[in-house]
Amino acid sequence: MVDTGSLHPRPQLTRARWVDLGGPWGFAYDDEDRGLTEGWQDRAEVFDRTITVPFPPESTASGIADPSFHPVVWYRRTFTLDEAQPGERWLLHFGAVDYRATVWVNDQRVGEHQGGHTPFSFDITAALKDDGEQVVVVRAEDQPWDLTQPRGKQDWEAEPHRIWYRRTTGIWQPVWLEPVPALRIDKVRWTPDLDRAALGVEVRLNAAPDRSFRVRVRLSLRGAFLVETTLTAARGAARGEIALDPGGVLMNRDGLVWSPRYPNLIDAEIELLDGDDVLDRVGSYAGLRSCGVAGGRFLLNGRPFYLRMVLGQNYWPESHLAAPSPDALRREVELVKELGFNGVRIHQKVEDPRFLYWCDRLGLIVWGEMANAYVFTREAVDRLTREWLEVVDRDASHPCIVAWVPFNESWGVPNLERDPVQRHYVRALYHLTKALDPTRPAIGNDGWEFLSNDIWGIHDYTPTGETFREPYGTPEAPARILATTVPPP
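The present account deals with the structure reproduced in this document. Within each chain, residues carry numbers counting from 1 in the order of the written sequence. Only residues with pLDDT of 70 or above have their local features reported here, since the model is predicted, and side-chain atom pairs are shown and tallied only from 80 upward, although totals for entire chains, interfaces and linings are computed over all residues. Hydrogens and waters are ignored; side-chain quantities use all the structure's heavy atoms.

## A short note on the sheet that holds strand 13 (residues 185-193)
Strand order in this open sheet of three strands is 13-14-17, and the pairing throughout is antiparallel. Edge positions in the sheet fall to strand 13 and strand 17 (237-243), since each has one partner strand and no second. On average, each strand axis in the sheet is tilted by 15 degrees relative to the strand beside it, whichever way the strands run. When DSSP finds two or more bridges between two strands, those strands count as paired. We count a stretch as a helix when DSSP gives it H or I for four or more residues in a row; a strand needs E for two or more, and each element gets its number in order from the N terminus. The convention used is that axes are lines fitted to C-alpha atoms, helices contributing only their stretch in contact, and that angles between N-to-C directions extend from 0 to 180 degrees.

## With respect to the environment of L432
For L432, the location among the structural elements is in helix 5 (residues 420-436). On the basis of relative accessibility, which here comes to 30%, the residue L432 falls in the partly exposed class. In sequence terms L432 and P67 are 365 residues apart; their C-alpha atoms lie 37 Å from each other. Note on exposure labels: buried denotes an accessible area under 20% of the residue type's maximum, exposed denotes more than 50%, and partly exposed covers the range between, all computed with a 1.4 Å probe on protein chains only.

## Notes on the sheet that holds strand 22 (residues 303-304)
The sheet built from three strands is open, its strands ordered 20-21-22 with antiparallel pairing. Lying at the two open borders of the sheet, with one neighbouring strand each, are strand 20 (291-294) and strand 22. Summarising the sheet, strand 21 (residues 297-300) and strand 22 pair through two bridges and their orientation is antiparallel. Counted as the bridge partner of L299 is P304 from strand 22.

## Re the packing of helix 4 (residues 378-395) against helix 5
For any two helices packed against each other, one specifies the crossing angle of their axes together with the interaxial distance. Between helix 4 and helix 5, whose axes approach to 11 Å, the crossing angle comes to 20 degrees. The orientation of helix 4 with respect to helix 5, classified from their angle, is roughly parallel. Here the hand of the crossing between helix 4 and helix 5 comes out right-handed. The segment helix 4 lies against helix 5, with A380, V381, L384, T385, W388, L389 and V392 engaging Y425, L429, L432, T433 and L436. Orientation categories follow fixed angle ranges, with anything under 35 degrees roughly parallel, anything over 145 roughly antiparallel, 65 to 115 roughly perpendicular, and all other angles oblique. Crossing handedness follows the turn of the near helix against the far one: under a right angle anticlockwise gives a left-handed crossing, and clockwise gives a right-handed one. We call two residues contacting when some pair of their heavy atoms lies within 4.5 Å.

## Digging into the pattern of salt bridges
Any Lys or Arg side-chain nitrogen located within 4 Å of an Asp or Glu carboxyl oxygen qualifies as a salt bridge. Using the criterion set out here, one finds 42 salt bridges in the structure. A salt bridge links D395 to R394; the nearest nitrogen and oxygen atoms lie 2.6 Å apart. Of the two residues, D395 and R394, both sit in the buried class. Several salt bridges converge on common partners, so that one network encompasses D33, R100, R109, E112, R139 and E141.

## A short note on the layout of surface pockets
Vacant regions in the atomic arrangement are exposed by a probe of water-molecule size rolled over the atoms. The space that makes up the largest pocket amounts to roughly 1,300 Å³. In this structure, the largest pocket is lined by 34 residues; those nearest its centre are L307, W367, W456, G457 and I458. Only strand 20, strand 21, strand 23 (309-312), helix 6 (465-472) and helix 7 (476-483) provide two or more residues apiece to the lining of the largest pocket. With three residues, the single largest contributor to the lining of the largest pocket is strand 23. The nonpolar class holds Ala, Val, Leu, Ile, Met, Phe, Trp, Tyr, Cys and Pro. Asp, Glu, Lys and Arg form the charged class, and all remaining residues, Gly among them, are polar. Partitioned by chemical class, the residues of the lining of the largest pocket number 21 nonpolar, five polar and eight charged. For cavity detection a 1 Å grid was placed over the protein atoms alone, and a set of points counts as a cavity when a 1.4 Å probe fits there but cannot get out; an open set counts as a pocket when protein lies on both sides within 12 Å along at least five of seven lines, with lining residues being those that have an atom within 4 Å of a point. Grid points are joined across faces, edges and corners, and a volume is the space filled by probe spheres set on the points. Considered as a void within the structure, the second largest pocket measures approximately 760 Å³ in volume. Around the second largest pocket, the lining is made up of 32 residues, and of these R10, P119, D186, K187 and R394 lie nearest the centre. When contributions to the lining of the second largest pocket are tallied by element, the ones reaching two or more residues are strand 5 (88-94), strand 9 (120-123), strand 13 and helix 4. Residue contributions to the lining of the second largest pocket peak at five residues, all from strand 13. Here the residues of the lining of the second largest pocket sort into 14 nonpolar, seven polar and eleven charged.

Spelled out as structure tokens, the structure:
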């Protein structure tokens, strides 16, 4: 077991011990979809290629560089483990696999996940051998013609056309192993309250034991101790509000509050305690800030804040949706700031948590958007809603995210003006987003055909300044545009 020394693939819930499983894996196409019936999970000989994980096989960075249609692909790699501590479990984590993944360890099926942009984990302890070489196999299915899948800008045609890009199939975010205690901290959710100078915290455990445990939270600011508190975990969760007592830092607002100009982050060490025994210890962080809208303006920390944002499609020619390296994620944030912008709207993609970490750390606001499907069916509704819930749950603690965007330009809901069912869908997802996170603005459908929006954003592709001035040159002009782009009830 080694500490890689690199940025953790899940920066808001870190443990010191983890094993990066990126790098060379065995790889095979399964164009006839024979692998399940033929038991490829236990047949090393069928993996006749080598792929570099986490890059998709369509990309040059993967070493495969085959952009043609291959709906089913398989991965295989071996690994060894250091001796575990008594009672310790092993988790196998995937940052994202597009679109449906089935995973085996030592020929034992350990789980399945659907959704191409969200993380998942399996406890593989029962499948591990006592010693020696272990084998993990992944089957990924990504049907290029299935337009009910939330796919964003991945093209369904053989060659990219118009505004769409080449596909990203299979593993495209980090894969890693983590030794954990049997009872452990599973998730941490931060909710800042700027008015009260406090942080709400929810610590969820992986189980709900029949007795209580304690959770100790230590906060620090730029390496200096800030505050410590102890919460009670009952029925699998501990919740509380931590009043910050920074020894006069609040007198200097810019020394504590998070903003793009002053991206102050409060670091946290969280311990799960059984009496005086530490069962689990994780690292996390939060930002104290507020965001909202009032008087026709966007507010950050209670003050009007002018949004100078870029549309971040975050697609790399050599690696597609995957970043070419961890450093490239940081550099992307740095470039946006160097160009004079203070924010980015992640477009038709759910970005790697490490990108959001650098937005948090370096100071860049983010609109979090869902990768949309292209058609409206019951299956498309089910798929997008389920994955969007996972997105909001994963990213809600990032201070950089100041708005949620489940739909872009009526993608997947092409008949909003005439179909009340589609309007119900957009409004429902807006309200569901607000129910999950009432602290941020939500934009039900961004761009046009406004329904339930806290922010009305007009997407205007006018190519010249002269023609752009006519519809927006007076305060009254935008109001006329908005009045004609709202569908009937």
